[in-house]
Amino acid sequence: MTTTPANDRAEPLLEVRDLSVGFPTREGLVRAVDRVSFSINPGEVVGFVGESGSGKTVTALAVMGLVAAQGAIESGSIRFRGREMIGLPEGEWRRVRAREVATVFQDPMTALNPVFSVGHQISEVLRTHLALGRQEARERAVELLGMVGIPDARARAGDYPHQFSGGMRQRVMIAMALSCDPSLIIADEPTTALDVTIQAEILDLIRSLSTDMGVAVMIISHDLGVMSAMADRINVMYAGQIVESASAVRVLVGPRHPYTRALLQSLPRVEGQAILTAIEGAPPDLISLPMGCRFYPRCPFRGDDRCRDSNPDLREVDTGHWVRSFYDLEPVA
Amino acid sequence: MTALLDVRELAVHYPVRARGLTRRRTGAVRAVDGVSFTVERGRTLGLVGESGGGKSTTGRAILMLQRPTAGSVLFEGVDLAGVAEGELRNLRRRMQLVFQDPYASLDPRMTVGRLVGEALDIHGLAVGRSRAGRVAGLLELVGLDPKHAGRYPHEFSGGQRQRIGIARALAVEPIFLVCDEPVSALDVSIQAQVMNLLADLRDRLGLSYVFISHDLAVVRHISDRVAVMYLGKIVEMADRDDLYDQPLHPYTKALLSSVPSPDPNVQRARERVMLRGELPSPADPPPGCRFHTRCPHAQELCRVVEPPLVSASAGHVVACHFWRELRSTPVEVTRARTSRRTS
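Residues numbered from 1 in each chain as written. Chains lettered and ligands numbered in written order. Predicted model: local features only at pLDDT ≥ 70, side-chain atom pairs only at ≥ 80, totals over all residues. Heavy atoms only, no water.

A.B. asks: Whenever I open this one, the overall build of chain B confuses me. Can you help?
C.D. replies: Counting secondary structure elements, chain B contains twelve helices and 14 strands. Scaling as 2.2 N^0.38, a compact globule of 343 residues should have a C-alpha radius of gyration of about 20 Å, and chain B matches this with 22 Å. Residues classed as buried in chain B amount to 52% of the 343 residues present. Once local pairs closer than 6 in sequence are excluded, the contacts in chain B between residues at least 24 apart make up 62%. (Helix = DSSP H or I, 4+ residues; strand = E, 2+ residues; numbered from the N terminus. Rg over C-alpha atoms; globule rule 2.2 N^0.38 Å. Buried < 20%, exposed > 50% of the residue type's maximum accessible area, 1.4 Å probe, protein only. Contact = heavy atoms within 4.5 Å.)

Structure (structure tokens):
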């Protein structure tokens, strides 16, 4: 049996297999990401949803080659366009980060330099990585700012980050992310700091970039609504592991893992919902994980001795639908 | 019976001063600008809207943590705006605040027992054995193990810390709570626990809430009545289902249509009301209707005359010149991008 949820289409852009990432701490090794496997096809939007500590951000950092500093990739494989990235020298990683994988973070203010105009900052990226001339880079920067919906882009290119609103700053970040024409954008909670009307605009923008330019997107969020609006495929993470992986509709409408289903039932809806069924307890401490299924102590179905004693593998319960549970919930009608 | 809380024409203006020696007053940020509402006993009023709307300032002004510039706050018939600081302490026993961030509002060096007992001491409510009993009772009330009274805040999870915050607020036996984004810092699976606890306490203890949140789904769930704020004003207020099922103000419609639904079928069918431009500065709100710079339906009248809050139906008020027209004619909307998802 294979334990790798994959889309059986063209060659994936990014293919991650059995990735484990550990962080040494005083209390012992914390495995923030535990045997995570997934793939992202060109132009596909893949969502990672989970609560704090579920491992979604560390997974993204690993894909960018950015965990080496504090933690360590213990095992696994990260292939980008078929090429193994783990073990490559830092310079190679940097080249991939510069040209192929762009990132958009939650807080653009910390990612932008406050003392340079945004036009200058985007031009710098273009001149460094694409070796464009000064004038050419400037023109392209204005073009990019216009493309992400910044009105009056030519004039605003001369403005500094603090002169933009939160939503406009996130657009600047996206313009910068697009500057080297990446094939994958990693967006980590890109709209969490924004008001809801602005969030909707930024999500539209990212979605349209994917549709129009064929950029693949790895979007990370705690918000199942964001997943629903964005993702083609969703990976649900819990305590460092992927617990369910399927198309967005399957995960959100017909979840088959007890955690996914319980999470959806605990969510208040703007359409109204009479009863909120809370999930008891809190996610486990990664230092002292339950011996068996990591969701067992909170599982509304509670299961049996098997659930208590051994951690289930991911298994394919339906074509392209993977669940890490001994229980396979019947799909809801 | 009169309302428990009756807020009339409440205003909070912050002075804006020039730089330099004179610090001359050059203007004012009108964070809250003429807000009126009532809260009945045992009921919850939700305040919703985006940042800069004045929700939190309204909450703090109700409790006189921020003195209002104008208007009155009648609590059980007493105008708090006219009460001297010294006498407020007694009144504050009746009204408490639950904060967003349970991490920041708990002293890390105090045990939970002391944190919860502190309020009892300040108000001289219980000493000795009865104090210990009260603390244990409060912890139990909010779903914490009384045996953990000797632990420190860092030993608890985020959701448990918010329970400690609620126990502290309830220690003085208030009848009214302002809850300011009480579940916004919590993980999704914990949010429902705390919301259910707040609803349960309200029903068991007969509490009344002003519940402030930017999260429209959370507000719908907990509130009986909801007010939508934009740049310091209430633009629409109605009973919960009325407001969410029949929104009249273009801003309310835009907000509701912007929340992405976890149900992909609902999400795909949703028609988005797109807003133009950006949120203006509350220091310099637009003339006329404050929303006109972003409203998809703004007319000349909106740029000049500020629309009063008028009654559209029983209990449903709206501040828009054109609410009737917008209700009868189909709203001009931009269909949100259709997704290419396959199942």
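A.B. asks: Looking at this structure, how should I read the overall build of chain A?
C.D. replies: Summing up its helical and strand segments, chain A has twelve helices and twelve strands in all. In terms of overall dimensions, chain A is globule-like: its C-alpha atoms have a radius of gyration of 21 Å, near the 20 Å expected for 333 residues. Along the first, second and third principal axes, the C-alpha set of chain A runs to 70 × 50 × 45 Å. Summed over its atoms, the accessible surface of chain A is roughly 13,400 Å², and 51% of this surface lies on carbon and sulfur atoms. (Areas by Shrake-Rupley, 256 points an atom, 1.4 Å probe, with all protein chains shown as cover.)

A.B. asks: Sorry if this is basic, but what is going on with the pattern of salt bridges here?
C.D. replies: When charged atoms on two side chains of opposite charge get close, those side chains can pair. According to the stated counting rule, one finds 42 salt bridges over all chains in the structure shown. A salt bridge links A:Arg154 to A:Glu139; its shortest N-O distance comes to 3.2 Å. You can see A:Arg154 sitting in helix 6 (residues 153–156) and its partner A:Glu139 sitting in helix 5 (residues 134–147), a full 15 residues away along the chain. Here B:Arg134 and B:Glu173 are joined by a salt bridge, their closest N and O atoms 3.3 Å apart. Here B:Arg134, found in helix 4 (residues 128–141), pairs with B:Glu173, found in the loop between helix 5 (158–170) and strand 7 (176–180); they are 39 residues apart in sequence, far enough to count as distant. The network of salt bridges with common partners includes B:Arg220, B:Arg240, B:Asp241 and B:Asp245. (Salt bridge = Lys/Arg side-chain N within 4 Å of Asp/Glu carboxyl O.)

A.B. asks: Can you help me understand unusual backbone geometry in this one?
C.D. replies: Only a minority of non-glycine residues have a phi that is not negative, and only a minority of peptide bonds are not trans. You will see that A:Arg35, though not glycine, has its phi angle at about 50°, which is positive. Mapped onto the fold, A:Arg35 is located in strand 2 (residues 28–40). Given the relative accessible area of 35%, A:Arg35 is considered partly exposed. Of note, B:Leu231 is a non-glycine position whose phi angle comes to about 45°, a positive value. Along the chain, B:Leu231 turns up in the loop between strand 9 (225–230) and strand 10 (233–239). Judged by its relative accessible area of 2%, B:Leu231 is buried.

A.B. asks: Honestly, the pairing of strand 10 of chain B in this entry has me stumped. Any pointers?
C.D. replies: Side-chain direction in a regular strand flips from residue to residue, so the side chains alternate between the two faces of the sheet. A large share of strand 10 of chain B lies buried, amounting to five of its seven residues. Hairpin connection from strand 9 of chain B to strand 10 of chain B: two residues lie between these consecutive antiparallel strands, with B:Leu231 at a positive phi of about 45°. (Pairing = 2+ DSSP bridges.)

A.B. asks: Where do I start with a nonpolar patch on the surface in this structure?
C.D. replies: Residues B:Leu301, B:Val304 and B:Val305 make up a contiguous nonpolar surface patch of about 240 Å² in total accessible area. With respect to the secondary-structure elements, B:Leu301 resides in helix 11 (residues 300–304). (Patch = residues over 30% accessible without salt bridge, like charges linked within 9 Å, V, L, I, M, F, W, Y side chains within 5 Å.)

A.B. asks: What am I meant to see in the state of the cysteines here?
C.D. replies: As used here, a disulfide is simply a covalent bond connecting the sulfur atoms of two cysteines. For the structure shown, the criterion picks out zero disulfides over all chains. Among the cysteines around A:Cys307, which has no disulfide bond, A:Cys293 carries the closest sulfur, lying 6.3 Å off. Lacking any disulfide linkage, B:Cys302 is separated from the closest cysteine sulfur, that of B:Cys289, by 6.0 Å. (Disulfide = S-S within 2.5 Å.)

A.B. asks: Explain the sheet that holds strand 5 (residues 78–79) of chain B here, please?
C.D. replies: Sheets are built from strands that pair by backbone hydrogen bonding, the pairs being arranged parallel or antiparallel. Here we have four strands laid out as an open sheet, ordered 2-1-4-5 (chain B), and antiparallel in their pairing. Where the open sheet ends on each side, the last strands, each with one partner, are strand 2 (25–39) and strand 5 of chain B.

A.B. asks: Explain helix 5 of chain A to me, please; I cannot follow it from the model alone.
C.D. replies: One turn of the α-helix equals 3.6 residues, which is why residues spaced by three or four share an orientation. All names here are of chain A. Given a rise of 1.5 Å per residue, 14 residues ought to cover 20 Å, and the 20 Å separating the end C-alpha atoms of helix 5 matches this to within 8%. Every buried residue of helix 5 is listed here: Ala 137, Ala 141, Val 142, Leu 144 and Leu 145. Taken around the axis of helix 5, the buried residues stretch over an arc of 160°, which confines them to a single face. Looking at the packing, one finds that the buried side of helix 5 touches helix 4 (118–130), helix 6 and helix 7 (166–178). (Expected span 1.5 Å × (residues − 1). Arc of directions from axis to C-beta.)

A.B. asks: Just to check I follow, could you spell out the sheet that holds strand 10 (residues 241–247) of chain A for this structure?
C.D. replies: All names here are of chain A. In space, the eight strands of this open sheet follow the order 6-7-8-3-9-10-12-11, with mixed pairing throughout. If you trace the sheet from one side to the other, it starts and ends with strand 6 (101–104) and strand 11 (315–318), each paired once. Across this sheet, the average inter-strand angle for adjacent strands is 20°, counted without regard to direction. Where strand 3 (residues 45–49) lies against strand 9 (residues 233–238), four bridges are found, and the strand directions are parallel. The residue bridging Val 46 from the neighbouring strand is Arg 233, located in strand 9. (Axes fitted to C-alpha atoms, helices over the stretch in contact; angles between N-to-C directions.)

A.B. asks: Even after reading the chapter, I still don't get the side chain of B:Arg202, so can you show me in this structure?
C.D. replies: On the secondary structure map, B:Arg202 appears in helix 6 (residues 188–205). Contact partners of B:Arg202, with chain neighbours within four places excluded, come to B:Gly42, B:Thr44, B:Leu207, B:Tyr209, B:Ile222 and B:Asp224.

A.B. asks: Is there a simple way to think about the pairing of strand 12 (residues 310–313) of chain B in this case?
C.D. replies: All names here are of chain B. Where strand 12 lies against strand 13 (residues 316–318), three bridges are found, and the strand directions are antiparallel. Bridge pairing links Ser 311 to Val 317 in strand 13. If you look at the hairpin formed by strand 12 and strand 13, you'll find two residues sitting between the two strands, and Gly 315 has a positive phi there, around 75°.

A.B. asks: What exactly am I supposed to notice about the packing of helix 3 (residues 112–122) of chain B against helix 5 of chain B here?
C.D. replies: A packed helix pair is summarised by two numbers, namely the angle formed by the two axes and the spacing between the axes. Residues and elements named next belong to chain B. For the pair helix 3 and helix 5, interaxial distance at closest approach is 7 Å and the crossing angle is 30°. It follows that helix 3 is roughly parallel to helix 5 by the angle criterion. Mapping the contact onto sequence places Val 112, Leu 115, Val 116, Glu 118 and Ala 119 in helix 3 and Ile 164, Ala 167 and Arg 168 in helix 5. Partitioned by chemical class, the residues of the contact of helix 3 with helix 5 number six nonpolar, no polar and two charged. (Parallel < 35°, antiparallel > 145°, perpendicular 65-115°, else oblique. Nonpolar A, V, L, I, M, F, W, Y, C, P; charged D, E, K, R; others polar.)

A.B. asks: Honestly, the interface of chain B and chain A in this entry has me stumped. Any pointers?
C.D. replies: By a frequent convention, interface size equals the accessible area lost on bringing the separate parts together. At the junction of the two partners, chain B supplies 42 residues and chain A supplies 53 residues. Summed over both sides, the interface of chain B with chain A buries roughly 3,900 Å², with 55% coming from carbon and sulfur. On the surface where chain B and chain A come into contact, there are two salt bridges. One salt bridge connects A:Asp204 with B:Arg272, and the closest N-O pair in it is separated by 2.9 Å. Here chain B is connected to chain A by 17 residue pairs in polar contact (both at pLDDT 80 or more). Looking at the side of chain B that touches chain A, the elements with two or more residues in it are helix 6, helix 7 (216–222), helix 9 (250–258) and helix 10 (264–269) of chain B. The greatest single-element share of the side of chain B that touches chain A, amounting to seven residues, is contributed by helix 6 of chain B. When its residues are assigned to classes, the side of chain B that touches chain A shows 18 nonpolar, twelve polar and twelve charged. (Buried area = accessible area lost by both parts, 1.4 Å probe. Polar contact = N/O pair within 3.5 Å; in protein donor to acceptor, adjacent residues only side chain to side chain.)

A.B. asks: Looking at this structure, I do not really get the environment of B:Arg290. What am I missing?
C.D. replies: Residues and elements named next belong to chain B. Topologically, Arg 290 is positioned in the loop between strand 11 (271–272) and helix 11. Classification of Arg 290 as buried rests on a relative accessible area of 9%. Arg 290 sits 35 residues away from Leu 255 along the chain, and the two C-alpha atoms are 16 Å apart. Within the structure, Arg 290 has its side chain in polar contact with the side chain of Asp 33 (distance 2.5 Å). In terms of polar contacts, Arg 290 uses its side chain to reach the backbone carbonyl oxygen of Leu 231, at 2.6 Å.

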